[in-house]
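Single-letter residue listing:
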Amino acid sequence: MTGTAATVGDIALMLSQTAGRKVVDKTGLTGRYDITLKYTPDENHRAMFSMPGVPPPPPPADGSGPSLFTALQEQLGLKLEPQKALVEIFVIDRAEKPSEN
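Residues numbered from 1 in each chain as written. Predicted model: local features only at pLDDT ≥ 70, side-chain atom pairs only at ≥ 80, totals over all residues. Heavy atoms only, no water.

## Details of the overall build of the protein
- Helix and strand counts for the protein stand at 3 helices and 2 strands.
- Taken over 101 residues, the protein has a buried fraction of 18%.
- Long-range contacts, defined here as pairs at least 24 residues apart, represent 63% of the contacts in the protein between residues at least 6 apart.
- When the accessible area of the protein is evaluated, it comes to approximately 8400 Å², of which 55% is carbon and sulfur surface. (Helix = DSSP H or I, 4+ residues; strand = E, 2+ residues; numbered from the N terminus. Buried < 20%, exposed > 50% of the residue type's maximum accessible area, 1.4 Å probe, protein only. Contact = heavy atoms within 4.5 Å. Areas by Shrake-Rupley, 256 points an atom, 1.4 Å probe, with all protein chains shown as cover.)

## A look at the confidence of the model for the protein
- Mean pLDDT over the protein: 82, with 79% of residues reaching 70 or higher.
- Looking over the protein, one finds the lowest element-wise mean pLDDT in helix 2 (residues 43–48), namely 56, and the highest in strand 2 (residues 33–36), namely 93. (pLDDT = per-residue confidence, 0-100.)

## Observations concerning unusual backbone geometry
- In this structure, Ala5 is a non-glycine residue whose phi angle is positive, near 50 degrees.
- With respect to the helices, strands and loops of the structure, Ala5 is situated in strand 1 (residues 2–6).

## Digging into the side chain of Ser16
- Within the fold, Ser16 resides in helix 1 (residues 8–19).
- In contact with Ser16, other than residues within four places in its own chain, are Arg21, Lys22 and Val23.

## A word on the nonpolar core
- Within the largest apolar cluster, 11 residues are counted, these being Ala6, Ile11, Ala12, Leu15, Val23, Ile35, Leu37, Leu68, Ala71, Leu72 and Leu78.
- Those elements that provide at least two residues to this core are helix 1 and helix 3 (68–76). (Core = buried A, V, L, I, M, F, W, Y, C linked by side-chain atoms within 4.5 Å.)

## Quick notes on helix 3
- For helix 3, the complete set of buried residues consists of Leu68, Ala71 and Leu72. Looking straight down helix 3, one finds that the buried residues subtend no more than 105 degrees of arc, so they occupy a single side.
- Two residues or fewer past helix 3, Gly77 is found with a positive phi of approximately 75 degrees. (Arc of directions from axis to C-beta.)

What follows is the structure, given as C-alpha cells:
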C-alpha cells in the first residue's frame with residue numbers, strides 16, 4: 001500500500017477498503033504524508049479482493065511479511081483499536097426502471 005501526500009484520513013479510507021471494516025481517524029494529525037506499507041495479506045484479505053467465481057490468489061511466495069496490523073504499528077506507528085460505534089447506512093427499499101421521456 002502506497003500513498004503520496006496522504007492525510008491520515010486518506011490512510012484510514014485505504015485501510016477501510018483493505019480491512020473490510022470502517023476505520024476512523026482519531027489521531028488528530030493534520031499533515032500530509034508519503035507512505036509505503038508492506039504486509040502479507042491474510043486469507044480474508046485475499047478472498048475480499050478476488051472476483052466472484054474465481055479463487056483468491058495464492059499467498060506471496062515467502063509469506064514471511066508482517067500482518068496488516070503489525071505492519072501499521074511497526075512501519076507507520078499507527079495502531080488499529082477495535083471499537084463499537086454508530087455508522088450511517090443507506091437502505092434501498094425499492095428500485096424501478098426509469099420511464100422513457
